[in-house]
Amino acid sequence: MRASLIQIAVDEGESVESRRRRMASLVREQAGADLVVLPELWTTGAFAFEEFAGQAEPLEGPTHEVMAKAASEAGVWLHAGSIPERTSDGTLYNTSLLFSPSGERVATYRKIHRFGFDKGEAVLMGRGEDLVTVRLPETTLGVATCYDLRFPELFRGLVDAGAETLVIPAGWPERRRDHWTLLARARAVENQVFVLACGTAGTHARVPQAGHSIVVDPWGQVLAEAGAGEEVLTVEFDPGKVAVTREQFPALKDRVL
């Protein structure tokens, strides 16, 4: 299976419309991949809290339209990162969009763990409630977003729902980059899954981003890792390794809690 993680910078001098066009072009360039993954809140920047309300869009808004078309044109499964979604009652959510190679939206995920403690996303956005998995021909994806990475119980739930590959878009800050790689590897090892974690580059709202998108196998080995700048990280992996790993080292069968 071939996956491409598109790590871009959210330049404050670039319009959202221009960024959508640029991202769609990058997705189309990944034709031949099985799965393409984009970062969290790439239309606004994950730390641009003051932009959330003004840039929020309905679920089937302009980003949905552009990404559905890009997935279809590239013929790829597309995790289109996340957008600030505004529902009909005015609530904002950090919502991920997933599309099939035909451009059909097959799933959405509203981020469950909101970052910011008593400010930012934690107070501006609603909390999602549902765990989301998506069946691809080669593997079952379990979907999470950024700060979710710190909460292992969420991933146990995804594994119980059949997840074999975890896909985690993020806008992770540089000052906690060690946590990013440590937690990505931990989630892979403890759940015996592949982890595809796609971050952003550059600086968002004066917060330097970690970059270093990463792909980890079920033994915790790093298969590929990006640098700090803009990059498309492409990797080939064998989803069948999940079943082999769980058979060779059946730790999940010993779960008590």
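Residues numbered from 1 in each chain as written. Predicted model: local features only at pLDDT ≥ 70, side-chain atom pairs only at ≥ 80, totals over all residues. Heavy atoms only, no water.

Here the focus is the overall build of the chain. Secondary structure assignment for the chain yields seven helices and 14 strands. Its C-alpha atoms give the chain a radius of gyration of 17 Å, near enough to 18 Å, the size a compact globule of 257 residues would have. Projected onto the principal axes, the alpha-carbon positions of the chain cover approximately 50 × 40 × 35 Å. Classification of the 257 residues of the chain by burial places 57% in the buried group. With the model as given, the accessible surface of the chain reaches about 10,700 Å², and the carbon-plus-sulfur share is 48%. Measuring between centres, the 27 positive side-chain charges of the chain sit 3 Å from its 36 negative side-chain charges. (Helix = DSSP H or I, 4+ residues; strand = E, 2+ residues; numbered from the N terminus. Rg over C-alpha atoms; globule rule 2.2 N^0.38 Å. Buried < 20%, exposed > 50% of the residue type's maximum accessible area, 1.4 Å probe, protein only. Areas by Shrake-Rupley, 256 points an atom, 1.4 Å probe, with all protein chains shown as cover. Lys, Arg positive; Asp, Glu negative; His and termini not counted. Charge placed at Lys NZ, Arg CZ, Asp CG, Glu CD.)

Okay, the sheet that holds strand 2 (residues 35-37) next. If you trace the six strands from one edge of the open sheet to the other, you get 5-4-3-2-1-14, paired in mixed fashion. Lying at the two open borders of the sheet, with one neighbouring strand each, are strand 5 (105-110) and strand 14 (231-236). Each strand of the sheet is rotated relative to its neighbour by a mean of 25°, with strand direction disregarded. Of the strands in this sheet, strand 1 (2-7), strand 2, strand 3 (77-86) and strand 14 touch helix 1 (residues 16-28), which is tilted by about 160° from strand 1. (Pairing = 2+ DSSP bridges. Axes fitted to C-alpha atoms, helices over the stretch in contact; angles between N-to-C directions. Contact = heavy atoms within 4.5 Å.)

Turning to the packing of helix 5 (residues 152-160) against helix 6 (residues 177-191), a few remarks are in order. Contact geometry of helix 5 with helix 6 gives a least axis separation of 11 Å together with a crossing angle of 40°. Taken together, the axes of helix 5 and helix 6 lie oblique to each other. In the packing of helix 5 onto helix 6, the handedness of the crossing is right-handed. Side by side, helix 5 and helix 6 meet where P152, F155, R156 and V159 of the first sit next to R187, E190 and N191 of the second. (Parallel < 35°, antiparallel > 145°, perpendicular 65-115°, else oblique. Left-handed = near helix turned anticlockwise from the far one by under 90°.)

Take the UniProt feature "domain: CN hydrolase" (unreviewed entry) in the chain next. If you check UniProt for "domain: CN hydrolase" (unreviewed entry), the listed places come out as residues 1-239 in our numbering. Between the C-alpha atoms that bound residues 1-239 the distance is 7 Å, and the span itself is 26% helix and 28% strand. (UniProt positions renumbered as here; feature names shortened; annotations may be inferred.)

Before going further, it helps to examine helix 5. Of the residues making up helix 5, those classed as buried are L154, F155, G157, L158 and V159. Once helix 5 ends, the next one or two residues include G162, with phi positive near 105°.

This brings us to the pairing of strand 4 (residues 92-99). Burial analysis of strand 4 places eight of its eight residues in the buried class, which makes it a mostly covered element. Burial along strand 4 is two-sided: L92, N94, S96 and L98 facing one way and Y93, T95, L97 and F99 facing the other are all buried. In terms of strand pairing, strand 3 meets strand 4 through seven bridges, oriented antiparallel. When the bridges of strand 4 are listed, L78 appears paired with F99.

A few words now on the environment of E153. Counting through the fold element by element, E153 comes out in helix 5. We classify E153 as exposed; its relative accessible area is 52%.

Across the interface, helix 1 lies against helix 3 (residues 62-74) with an axial gap of 8 Å and an inter-helix angle of 20°. Between helix 1 and helix 3, the angle falls in the class roughly parallel. Here the hand of the crossing between helix 1 and helix 3 comes out right-handed. Contact with helix 1, carried on its side by R20, M23, A24, V27 and R28, involves P62, T63, V66, M67, A70, A71, E73 and A74 of helix 3 and no other residues of that element. Taken together, the residues that form the contact of helix 1 with helix 3 break down as nine nonpolar, one polar and three charged. (Nonpolar A, V, L, I, M, F, W, Y, C, P; charged D, E, K, R; others polar.)

Note on backbone geometry: most residues besides glycine have negative phi, and most peptide bonds are trans. Its identity as a non-glycine residue notwithstanding, Q192 has a phi of 55°, on the positive side. Considering the arrangement of structural elements, one finds Q192 in the loop between helix 6 and strand 9 (194-198).

For the rest of this paragraph, the subject is the nonpolar core. L35, V195 and L196 are the most contacted members of the largest nonpolar core, which totals 49 residues. Per element, the largest residue contribution to this core is five residues, and it comes from strand 9. Core analysis: the next-biggest nonpolar cluster, separate from the first, contains 21 residues, L26, A80, L97 and F99 among them. (Core = buried A, V, L, I, M, F, W, Y, C linked by side-chain atoms within 4.5 Å.)

So, on to the pairing of strand 8 (residues 165-169). For strand 8, a buried count of five out of five residues is recorded, marking the element as mostly surrounded by other parts of the structure. On strand 8, burial covers both faces: T165, V167 and P169 on one face and L166 and I168 on the other are all buried. Where strand 7 (residues 140-143) meets strand 8, three bridges bridge the pair, whose relative direction is parallel. Looking at strand 8, one finds that G142 is bridged to L166. Handedness of the β-α-β unit built from strand 7, helix 5 and strand 8 comes out right-handed. Across five bridges, the pairing between strand 8 and strand 9 is parallel. (Right-handed = clockwise from strand over helix to strand, strands pointing away.)

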